[in-house]
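# Summary of the model geometry
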Amino acid sequence: MNYSERLAALPFHFWSVVFFALGATVGSFLNVCIHRLPRGESIVSPPSHCPHCGGRIPWRHNLPILSWLWLRGRCAMCGGPIAVRYVLVEFLTGALFLGCWIVFGRESPALALVYAAFLAALVAATFIDVEHYIIPDEITLGGTVAGFFCSFFVPALHGSNGPVGGAQGALIGAALGGGVMYAILRLGKWLFGRERLRLEPGSVVFFGEEGIELPDRFVPYEEVFYRPGDEIRLEAERVELADRCYARCTVRLSRDRLLIGPDTLDPEQVPFMEVVTDRLQLPREAMGLGDVKFMMAIGAFLGWRGVLFTLMTSAMIGAAFGVAAILARRREWSSRIPYGPYLALAATVWIFAGDAIVRFWLGR
Ligand SMILES: [Zn+2]
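Conventions we followed
- Residues numbered from 1 in each chain as written.
- Predicted model: local features only at pLDDT ≥ 70, side-chain atom pairs only at ≥ 80, totals over all residues.
- Domains from an automatic or database assignment.
- Contact = placed C-beta atoms within 7 Å.
- Helix = DSSP H or I, 4+ residues; strand = E, 2+ residues; numbered from the N terminus.
- Nonpolar A, V, L, I, M, F, W, Y, C, P; charged D, E, K, R; others polar.
- Axes fitted to C-alpha atoms, helices over the stretch in contact; angles between N-to-C directions.
- Parallel < 35°, antiparallel > 145°, perpendicular 65-115°, else oblique.
- Left-handed = near helix turned anticlockwise from the far one by under 90°.
- Pairing = 2+ DSSP bridges.

### Here we look at the domain arrangement of the protein
Domains assigned within the protein are domain 1 (11-106), domain 2 (114-187 + 288-313 + 340-364) and domain 3 (194-283). Of note, the centres of domain 1 and domain 2, computed from C-alpha atoms alone, are 25 Å apart. Of the residues lining the interface, 16 residues belong to domain 1; the matching set on domain 2 comes to 13 residues. Top element by residues in the side of domain 1 that touches domain 2 is helix α4 (residues 84-104). It accounts for 9 residues. Of the residues belonging to the side of domain 1 that touches domain 2, the class tally is 13 nonpolar, 3 polar and no charged.

Here is the structure:
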């Protein structure tokens, strides 16, 4: 027997254990990515350190899952708590790797590995999006490129036998995923892209350097202005600037322009503005370009069928979660929701159960 035959002769569930352990280890690395990528920090150096005492974590205390359980979720040096999220991500990634091996391992170990790596990226994207409302380009654009490579070398991803067919599948999937998502983004912007706020008559709204002081909350400008076209509009009873006043006029503020009645001003030159009004219109973002790029990466791995399934299923999951959250009074209609996790969840469902669900839908 040669080397690879001997490897293949090992029992199937020996490899199950290997996949779970590999997944848990990858999960440990994902924890680093989840913490550092959105902060623009390097994911290779410095080595892991405790967030409380800053002490470097020795490798024997950095074993996935086991260390956390052994140390009961505390730092070995200072006793500070280590978040449950760390062990959760390690366990989840281990379980997903195990699932890939059990479902695809017999058919093609290479396919199992590619799916496992793709799911690892989905885990990182999900946890980052929930916390920071972004999905880093390293995952979305990097994932699209990785999808092409993997499709070329493992064309079974797209049900093809040759590298050309695989690359074609990735190209169509990425174009469809990115294209449809971009169309949805523009349409959503057009339909729901504005939030109208009703205020008590005579309310005072203060525009400062950093954001807008509403009677009940503070809205930072960076949450309002995403693109050059984004604009705050209001009908003012009265407008007060440092050196002048206006009465009964329309105010329109974008990142680089302030229109008050007939006057055009440079917002940089207006340190503050006080407005008396009873209604206000803010631009609102349901989805971002990050979701478009994310869907492109998903398409590169899963092809056009996976894209259609992911788009439809994510909308259903998102609607279900949204209604549940509103019923539980955990959220208001107008609040911002990251959409990436729904895409990730739907793509995961497609990988493990997509064929079965589509057959069920089509009644076959
Ligand atoms: Zn510590």
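Having put the structure on the table, let's press on.
### Concerning the packing of helix α6 (residues 137-153) against helix α8 (residues 289-327)
The relative placement of two packed helices comes down to the angle between their axes together with the axis-to-axis distance. Close contact between α6 and α8 brings their axes to 8 Å; oriented N to C, the two are set at 15°. It follows from the interaxial angle that α6 and α8 lie roughly parallel. Two packed elements cross with a definite hand, and for α6 against α8 that hand is left-handed. The residues of α8 that touch α6, namely those facing D137, T140, L141, G143, T144, G147, F148, C150 and S151, are G290, K293, F294, M296, A297, A300 and F301. Within the contact of α6 with α8, the residues separate by chemical class into 8 nonpolar, 6 polar and 2 charged.

### Looking at the pairing of strand β4 (residues 232-240)
One ladder, built from 8 bridges, connects β4 with strand β5 (residues 245-254); its direction is antiparallel. Note on β5: the bridge partner recorded for E235 is T250. Two elements, β4 and strand β8 (residues 273-283), share 6 bridges in a ladder whose sense is antiparallel. By the bridge assignment, L234 is partnered in β8 with L280.

### Concerning the packing of helix α2 (residues 12-36) against helix α5 (residues 109-132)
Contact pair α2 / α5: the axes reach a minimum separation of 10 Å and the direction vectors enclose 35°. Here the hand of the crossing between α2 and α5 comes out right-handed. Packed against α2, whose contacting residues are G23, V26, L30, C33 and I34, the element α5 presents A116, A120, V123, A124, F127 and I128 at the interface. The residue makeup of the contact of α2 with α5, split by class, is 10 nonpolar, 1 polar and no charged.

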